[in-house]
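Structural description and commentary
Each chain, letter by letter, is given below.
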Amino acid sequence: MKKIILLGATGSIGTQTLEVIREHPDLFQVVALSFGGNILLGRKIIQEFRPTLVSVQNKADAETLASEFPEIKFVYGMEGLREVAVHPNGDVVLTAVIGSVGLLPTLDAIEAGKQIAIANKETLVTAGHLITEASKRKGVTLLPVDSEHSAIFQCLQGENNQYVEKLILTASGGSFRDKTREELRRVTVKEALQHPNWHMGNKLTIDSATMFNKGLEVIEAYWLYGIPYDNIDVVIHRESIVHSMVQFAGGSIMAQLGAVDMRVPIQYALTYPERAPLHFDSEFDITSLTALHFEKLDYQRFPALRLAIDAGKIGGTMTTVLNAANEIAVAGFLNGQVAFHNIEALVENAIHNHQVIDSPNLETILEVDKETRAYVKTLF
C-alpha cells in the first residue's frame, strides 16, 4: 500500500489521479492533499478519501471545512501547501498544481525523502538545477507524469543512456494547428480551450495552443534525462497515439503508444516499478489505427517553441523568466486583457529585458520570478 500525497486534487490531473486511486484501493491510500478554491469538489473528495491533512487556498475556506470535518487538520496558503508536501505518512508526492507555485513544496518533499511523481513541469523549468541536485543528493526518484516524459521514461527502462542519440517529443499542435499566424489574431478564449485530442486544464490547453507547453517539456527533458538541447526534437503527431520516442545508436527508435488517456502515465508513475490493470470504457485497439502521421515542426509558425529552447540553452534565470512571463501572459489572455497572438510577444519582451544570472540560488529565483510577473503586467 503506497501512501499518496496529492497536490492539486481538484484539477484535471488531480481528479484523474483520484480515478486511478479509486480503482486500486488495495494499492493506494490518500493521506494528504491540497486544492485551491474549488470547495464544492474539494469537499466531495475529502468525504470520499478522508485524508488526515488538507491545504486550501485561503484561511476562510480552511476554517469552514475544519468545522465540517473536525477529525481532519486543515491548513492554507503556501505554508499549508508545504506542510502537506512533507506529511510524515506519505510515500509518494504527486505534484499536479499548475505553475511555479509547485517549486517550494516539491523541494520540501525531496528534502523529506519523498518519491516525486511530477506533473508540474513549471517546477523543473523554473529551477531545474535545484530540483535535480536535491533529488540526487537525497536519492529521490523523479517520476514523470506528463504523457511525453512518461513515454521516454518507459522507453529508457533497462537501457544505457550513453547510447541515446535523440529524444523525440510528439506534439498534437494544439487547438490552432491548422491556422495561419494571421488567423491567430482573431481567435477567442473559447476557441483556444477546444483541444483536438486531450481534456486538460485551461492554462495547459492555452500552452498547447501556443506550443509553449512543448517548449517547457523540452526544458523538462533536458533536466530529467541529461540530454543536450540539440539532441531533443519535436514533431507534430496529430493522433497523439505515439506519446514520444527515443532514438538509439545503431538506428533503433523505440516508441511508447497508447490511448489518449492521462490515467495511463499517472498510474505508471504511482505503481513504478510495477504495473497494474486499468479499466477503460473502450479498450485501445491497435488494429483500428489506419495511419500515424508525423510532421516537421515549423518554428516560424510556432515561435513560442523556439523562444523556450533558446531560453533553455541560455540557462540560469532565463527559464525562470520564460515561465513567469508565460504564466502572466496566459492569465491575461484568459481574462480578456491580452490577445492570443500577443502571448509570445509579451514573453519575448520579458526575455529581452532580463539580465541573466547564472546558477541562481532559490532566493534569486523567487525574486526574479516575482519581478518578471510584475514587469509583464505593466505591458498589458
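Residues numbered from 1 in each chain as written. Predicted model: local features only at pLDDT ≥ 70, side-chain atom pairs only at ≥ 80, totals over all residues. Heavy atoms only, no water.

1. Remarks on the overall build of the chain
Secondary structure assignment for the chain yields 15 helices and 12 strands. The C-alpha radius of gyration computed for the chain amounts to 20 Å, which stays within 12% of the reference 21 Å derived for 380 residues, consistent with globular compactness. Each of the three principal axes of the chain carries a C-alpha extent, and together these read 55 × 50 × 40 Å. Counting over 380 residues, the chain shows a buried share of 56%. Pairs at least 24 residues apart make up 69% of the contacts formed inside the chain by residues separated by at least 6 positions. For the chain, the exposed area adds up to about 16400 Å²; of that, 49% sits on carbon and sulfur atoms. Treating the 33 positive side-chain charges of the chain as one cloud and the 45 negative ones as another, the clouds have centres 2 Å apart. (Helix = DSSP H or I, 4+ residues; strand = E, 2+ residues; numbered from the N terminus. Rg over C-alpha atoms; globule rule 2.2 N^0.38 Å. Buried < 20%, exposed > 50% of the residue type's maximum accessible area, 1.4 Å probe, protein only. Contact = heavy atoms within 4.5 Å. Areas by Shrake-Rupley, 256 points an atom, 1.4 Å probe, with all protein chains shown as cover. Lys, Arg positive; Asp, Glu negative; His and termini not counted. Charge placed at Lys NZ, Arg CZ, Asp CG, Glu CD.)

2. A short note on the UniProt feature "binding site: Mn(2+)" (unreviewed entry) in the chain
The positions that UniProt labels "binding site: Mn(2+)" (unreviewed entry) are, in the present scheme, Asp 146, Glu 148 and Glu 217. Their sequence span is 72 residues, while the largest C-alpha to C-alpha distance among them is just 8.6 Å; these annotated residues converge on one region. Here Glu 148 lies in helix α7 (residues 147-155). The class of Glu 148 is buried, set by a relative accessible area of 10%. For Glu 148, the contacting residues outside a window of four places in its chain are Leu 169, Thr 170, Lys 214, Glu 217, His 243 and Ser 244. Tracing the chain through its elements places Glu 217 in helix α10 (residues 212-225). (UniProt positions renumbered as here; feature names shortened; annotations may be inferred.)

3. A word on the sheet that holds strand β4 (residues 73-76)
The sheet built from seven strands is open, its strands ordered β4-β3-β2-β1-β5-β6-β7 with parallel pairing. Each edge of the sheet is formed by a strand with only one pairing partner; in this case those strands are β4 and β7 (142-144). Neighbouring strand axes in the sheet, compared pairwise and without regard to direction, differ in orientation by 25° on average. Here strand β1 (residues 2-7) runs beside strand β5 (residues 92-95); their pairing, made up of four bridges, is parallel. Paired with Ile 5 across the strands is Val 93, a residue of β5. The sheet strands contacting helix α3 (residues 59-68) are β3 (53-56) and β4, and the helix crosses β4 at an angle near 175°. (Pairing = 2+ DSSP bridges. Axes fitted to C-alpha atoms, helices over the stretch in contact; angles between N-to-C directions.)

4. Notes on helix α11 (residues 263-271)
Along α11, eight of the nine residues are buried, which leaves the element largely enclosed by surrounding structure. Every buried residue of α11 is listed here: Arg 263, Pro 265, Ile 266, Gln 267, Tyr 268, Ala 269, Leu 270 and Thr 271.

5. Overview of the packing of aromatic side chains
One pass over the structure, following the stated rule, counts eight aromatic pairs. Measuring from centroid to centroid gives 5.1 Å for Phe 176 and Phe 340, while their planes differ by 85°, and the two rings are edge-to-face. Taken together, the residues span a long stretch of sequence, with Phe 176 in the loop between β8 (164-171) and α8 (189-192) and Phe 340 in the loop between α13 (318-334) and α14 (342-353) at a distance of 164 residues. The class for Phe 340 is buried, based on a relative accessible area of 3%. Here Tyr 268 and Tyr 272 contribute two aromatic rings whose centre-to-centre distance is 5.9 Å and whose plane-to-plane angle is 65°, an arrangement assigned as edge-to-face. Joined through ring pairs, the aromatic side chains of Phe 153, Tyr 268 and Tyr 272 make up one cluster. The ring of Phe 280 carries the charged tip of Arg 263 above its face, separated from the ring centre by 5.3 Å. (Phe/Tyr/Trp six-rings, centres within 6.5 Å; stacked < 30°, edge-to-face > 60°. Lys NZ or Arg CZ within 6 Å of the ring centre and 35° of its normal.)

6. Regarding the packing of helix α1 (residues 12-23) against helix α2 (residues 39-49)
Two elements in contact, α1 and α2, have axes whose closest approach is 13 Å; the angle formed by their N-to-C orientations is 20°. Classified by the angle their axes make, α1 and α2 are roughly parallel. Relative to α2, α1 is oriented so that their crossing is left-handed. On α2, the residues touching Thr 15, Leu 18, Ile 21 and Arg 22 of α1 are Leu 41, Ile 45, Glu 48 and Phe 49. Of the residues belonging to the contact of α1 with α2, the class tally is five nonpolar, one polar and two charged. (Parallel < 35°, antiparallel > 145°, perpendicular 65-115°, else oblique. Left-handed = near helix turned anticlockwise from the far one by under 90°. Nonpolar A, V, L, I, M, F, W, Y, C, P; charged D, E, K, R; others polar.)

7. Overview of the pairing of β8
Extensive coverage of β8 is indicated by the burial of six of its eight residues. In terms of strand pairing, β8 meets strand β9 (residues 232-236) through five bridges, oriented parallel. Looking across to β9, one finds that Leu 167 is bridged to Ile 232.

8. Comments concerning the sheet that holds strand β10 (residues 242-248)
Reading across the sheet, the five strands line up as β11-β10-β8-β9-β12 and stay open at both edges, with mixed pairing between neighbours. Single-partner strands in this sheet number two, and they are β11 (253-257) and β12 (295-296). The sheet contact formed by β9 and β12 spans two bridges and is antiparallel. Directly across from Ile 236, in β12, lies its bridge partner Glu 295. Of the strands in this sheet, β8, β10 and β11 touch α7, which is tilted by about 40° from β10.

9. Notes on the pairing of β3
Of the two faces of β3, the one carrying Leu 53 and Ser 55 and the one carrying Val 54 and Val 56 are both buried. Both strand β2 (residues 28-34) and β3 contribute to a ladder of three bridges, which runs parallel. Among the inter-strand pairings, Ser 34 is bridged to a residue of β3, identified as Ser 55. In the classification by handedness, the crossover that spans β2, the intervening α2 and the parallel β3 is right-handed. Of the pairings in the sheet, the one linking β3 to β4 comprises four bridges and is parallel in character. Paired with Val 56 across the strands is Tyr 76, a residue of β4. (Right-handed = clockwise from strand over helix to strand, strands pointing away.)

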